[in-house]
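One letter stands for each residue in the lines below.
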Amino acid sequence: MAYETIIVEVEDHIAKVTLNRPDALNALNDQLMSELADAMAAAQADSKVRCIVLAGSEKAFAAGADIAMMKDKTYIEVFTEDLFGPETDAISRVRKPIIAAVSGYALGGGCELAMMCDFIIASETAKFGQPEVNLGVMAGIGGTQRLTHAVGKAKAMDMNLTGRFMDAAEAERSGLVSRVVSPKKLMEEVMAAAHKIAEKSMISTMAIKEAVNKSFEVPLRDGLLFERRVFHSLFATEDQKEGMEAFLEKRTAQFRDK
Ligand code: HXC
């Protein structure tokens, strides 16, 4: 598929997907969401890809769902087409790790898209928000759910009810982002993290993603049992033998995803 609203580059086992609607601050329209879902599925299917990076521009990761596209839609239309439901489900189904690189605005659907990734590394310029309340609506693809898991009820309610933005420092303090770096260092830091992940056994990294995500779905006892059983299952891999042997032989492990 030839893309018009995103740019995909695959190099050194990393698929870098860049949102590319600069005139609309990367606002998410049907075409962009469909291309993004397609690119994510392709990265999942590509055996060369071991980690995915999702980035925007320096000014905006994404300023939300495209308001011009949504304005005249009826309830019947958004319900019937399940606005952004299939695309966001497709992104959530990706089993390889995804890092979001956020610079500038990550608002509404943009903040929600960043939160669909496995972790967020932000530039000092990042601004997160769920300002849908200002448009007479509310968050629709994770802003009342994933944000609450990430930052707790008080801040999630504050952001969703008032529409105020959270800067990078507050986002890091609140657990929404894992690291904050200078704008110049953002892509370097994100790509270095992606390369670190790509060096590991992909069996481990995919299992880790599944286990951490399980913690949001099930009670602690079930999550702990799931984690322990998946941990046990990794002893069936050659990479477990290689990883432990390499440690004892004081050399770098050569993982082969076997
Ligand atoms: C469509 C958008 C847009 C959006 C910006 N633009 N955000 N177009 N949808 N969400 C367009 C502007 O219309 C403008 O186009 C151009 O991008 C530059 O934006 P400006 O507003 O001129 O820039 P600036 O003054 O720097 O302000 C930046 C901003 C502001 C603070 C980010 O653009 C803003 O508040 N945007 C809307 C944020 C928002 O409400 N997001 C939530 C959307 S609802 P022109 O043609 O005039 O140059 C949502 C629902 C998700 O996300 C759930 C879906 C299921």
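Given the structure is predicted, the values throughout are model-derived calculations rather than measurements. (Residues numbered from 1 in each chain as written. Predicted model: local features only at pLDDT ≥ 70, side-chain atom pairs only at ≥ 80, totals over all residues. Heavy atoms only, no water.)

Draft legend 1. Fine view of the nonpolar core. Counting residues in each nonpolar core, the largest one holds 44 residues, and the members touching the most others are Leu54, Phe128 and Leu176. In terms of residue count, helix α1 (residues 30-45) provides more of this core than any other element does, six residues in total. Once you skip the residues sitting within four places of it in the chain, Leu176 turns out to touch Met115, Ile120, Phe128, Leu147, Ala150, Val151, Met166 and Ala171. Listed in part, the 14 residues of the second largest apolar core include Ile14, Ala55, Ala101 and Val181. (Core = buried A, V, L, I, M, F, W, Y, C linked by side-chain atoms within 4.5 Å. Buried < 20%, exposed > 50% of the residue type's maximum accessible area, 1.4 Å probe, protein only. Helix = DSSP H or I, 4+ residues; strand = E, 2+ residues; numbered from the N terminus. Contact = heavy atoms within 4.5 Å.)

Draft legend 2. Just the side chain of Glu87, in detail. By the secondary structure assignment, Glu87 is in helix α4 (residues 85-92). If near-sequence neighbours (up to four positions away) are discounted, Glu87 is found in contact with Met33, Ser34 and Ala37.

Draft legend 3. Main features of the environment of Lys209. Here Lys209 shows up in helix α10 (residues 202-214). Overall, the relative accessible area of 10% leaves Lys209 in the buried class. In sequence terms Lys209 and His195 are 14 residues apart; their C-alpha atoms lie 16 Å from each other. If near-sequence neighbours (up to four positions away) are discounted, Lys209 is found in contact with Val94, Arg95, Lys96, Pro97, Ile98 and Asp118.

Draft legend 4. Focus on helix α7 (residues 153-162). For α7, the full list of buried residues reads Ala156, Met159 and Asn160. With its buried residues spanning 90° around the axis, α7 presents them on a single face. The outward face of α7, more than 90 degrees from its buried face, is lined by the exposed residues Ala154 and Leu161. Of the surrounding secondary structure, the elements contacted by the buried residues of α7 are β8 (127-129), α6 (146-151) and β9 (166-167). (Arc of directions from axis to C-beta.)

Draft legend 5. Structural context of the sheet that holds β9. Pairing is mixed in the open sheet, where four strands are placed in the order β4-β6-β8-β9. Each end of this open sheet is capped by a strand with a single partner; those strands are β4 (60-62) and β9. Lying over the sheet, helix α5 (residues 109-116) contacts β4, β6 (105-107) and β8, oriented at roughly 95° with respect to β6. (Pairing = 2+ DSSP bridges. Axes fitted to C-alpha atoms, helices over the stretch in contact; angles between N-to-C directions.)

Draft legend 6. Structural detail: the site of the ligand. As a matter of local geometry, the ligand sits amid 23 residues, with Lys59, Ala63, Ala65, Ile67 and Gly109 nearest to it. The backbone of Asp23 places a nitrogen or oxygen atom 3.4 Å from an oxygen atom of the ligand. Contacts to the ligand include Ala63, whose backbone N or O atom sits 2.9 Å from a nitrogen atom. Expressed as a share of its isolated accessible area of 1000 Å², the protein-covered part of the ligand is 63%. A class-by-class count of the residues in the shell around the ligand yields 14 nonpolar, four polar and five charged. (Near = heavy atom within 4 Å. Polar contact = N/O pair within 3.5 Å; in protein donor to acceptor, adjacent residues only side chain to side chain. Areas by Shrake-Rupley, 256 points an atom, 1.4 Å probe, with all protein chains shown as cover. Nonpolar A, V, L, I, M, F, W, Y, C, P; charged D, E, K, R; others polar.)

Draft legend 7. Summary view of a nonpolar patch on the surface. Together, Ile67, Leu135 and Val137 make up an exposed nonpolar region whose accessible area comes to about 280 Å². Checked against the element boundaries, Ile67 lands in helix α2 (residues 67-70). Residue classification places Ile67 among the partly exposed positions, given a relative accessible area of 47%. (Patch = residues over 30% accessible without salt bridge, like charges linked within 9 Å, V, L, I, M, F, W, Y side chains within 5 Å. Salt bridge = Lys/Arg side-chain N within 4 Å of Asp/Glu carboxyl O.)

Draft legend 8. Inspection of unusual backbone geometry at higher detail. At His13, a residue that is not glycine, the phi angle is positive and equals roughly 70°. If you trace the backbone, His13 turns up in the loop between β1 (6-11) and β2 (14-19). Within the chain, Leu25 stands out as a residue other than glycine whose phi angle is a positive 50°. Checked against the element boundaries, Leu25 lands in the loop between β2 and α1.

Draft legend 9. Quick look at the pairing of strand β5 (residues 98-102). Of all five residues in β5, five are buried; the element is thus mostly enclosed. Both faces of β5 are covered, namely the face carrying Ile98, Ala100 and Val102 and the face carrying Ile99 and Ala101. Pairing between strand β3 (residues 51-55) and β5: four bridges, direction parallel. Bridging from a neighbouring strand, Ile52 pairs with Ile98 of β5. Strand direction decides the pairing type here: β5 and strand β7 (residues 119-123), joined by four bridges, are parallel. Paired with Val102 across the bridge in β7 is Ala122.

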